[in-house]
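# Chain and residue survey
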Amino acid sequence: MRELEREKTIEILNTIMEYELAGVVRYTHYSLMVTGPNRIPIVQFFQQQATESLLHAQQVGEILTGLEGHPSLKIAPMEESHEHSLHTILTESLNHEKKALDLYKVLLTAVQDASIYIEEFARGMIGQEEVHNIELKKMLRDYV
């Protein structure tokens, strides 16, 4: 096994943590903006996504501090389209999840063959983000 590039890994973890915290804000906002006859299950979906994003940020923060890193107090930049149709919200959510998937892939590449624990964590998160992408694509199917 090679040696873990600790500073690089900490930097990637901080980027992921900021992005996951942005997800908490994004999904909470979306849960408040949903209207229409299917509002209740979709609000619950977005609330679950916000809760899961917070859990992911906490998990990443634990690894980050375990590497003697300092967790960022920032959240990743978010654009506000001010369009709150369900199609727009779901499309923006899919874009967010695709970016999260890419960030976890960057982490995996950085830690591969250097930390089995972080490598397995990254693989698990990639799996979860892939499921989110699939679910959002299914939810968007009626709009295509």
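Up top is the structure.
Residues numbered from 1 in each chain as written. Predicted model: local features only at pLDDT ≥ 70, side-chain atom pairs only at ≥ 80, totals over all residues. Heavy atoms only, no water.

## Things to note about the overall build of the chain
Looking only at helices and strands, one finds four helices and zero strands in the chain. Starting at the N terminus, the α and β elements of the chain follow one another as α-α-α-α. For the chain, whose C-alpha radius of gyration is 16 Å, the value lies close to the compact-globule estimate of 15 Å for 144 residues. Structurally, the chain occupies a C-alpha span of about 55 × 30 × 20 Å along its principal axes. Split into buried and exposed, the 144 residues of the chain put 44% on the buried side. Sequence separation of 24 or more characterises 80% of the internal contacts of the chain that already satisfy a separation of 6 or more. Summed over all atoms, the accessible surface of the chain reaches about 8300 Å², with 55% contributed by carbon and sulfur. Taken together, the 13 basic and 22 acidic charged side chains of the chain have centroids lying 4 Å from each other. (Helix = DSSP H or I, 4+ residues; strand = E, 2+ residues; numbered from the N terminus. Rg over C-alpha atoms; globule rule 2.2 N^0.38 Å. Buried < 20%, exposed > 50% of the residue type's maximum accessible area, 1.4 Å probe, protein only. Contact = heavy atoms within 4.5 Å. Areas by Shrake-Rupley, 256 points an atom, 1.4 Å probe, with all protein chains shown as cover. Lys, Arg positive; Asp, Glu negative; His and termini not counted. Charge placed at Lys NZ, Arg CZ, Asp CG, Glu CD.)

## A short note on unusual backbone geometry
Positive phi outside glycine occurs at Glu-68, with the angle close to 70°. Note on placement: Glu-68 falls in the loop between helix H2 (39-66) and helix H3 (86-111). In this structure Glu-68 comes out as exposed when scored by relative accessible area, which is 68%. The residue Asp-113 is not glycine, and still its phi comes out positive at about 65°. Within the secondary structure layout, Asp-113 lies in the loop between H3 and helix H4 (116-140).

## Description of the environment of Ala-50
Its place among the elements puts Ala-50 in helix H2. Each C-alpha atom of the pair Ala-50 and Arg-26 lies 7.6 Å from the other, and the pair is 24 residues apart in sequence. Those residues in contact with Ala-50 that lie beyond four places of it in its chain are Val-24, Tyr-27 and Thr-28.

## Some words on the packing of helix H1 (residues 6-33) against H2
The angle between the axes and the distance between the axes are what describe a pair of packed helices. In contact at an axis separation of 8 Å, H1 and H2 are set at 160° when each is read in the N-to-C sense. The pairing of H1 with H2 is recorded here as roughly antiparallel in orientation. For H1 against H2, the interelement crossing comes out left-handed. A per-class count over the contact of H1 with H2 returns 17 nonpolar, nine polar and two charged. (Axes fitted to C-alpha atoms, helices over the stretch in contact; angles between N-to-C directions. Parallel < 35°, antiparallel > 145°, perpendicular 65-115°, else oblique. Left-handed = near helix turned anticlockwise from the far one by under 90°. Nonpolar A, V, L, I, M, F, W, Y, C, P; charged D, E, K, R; others polar.)

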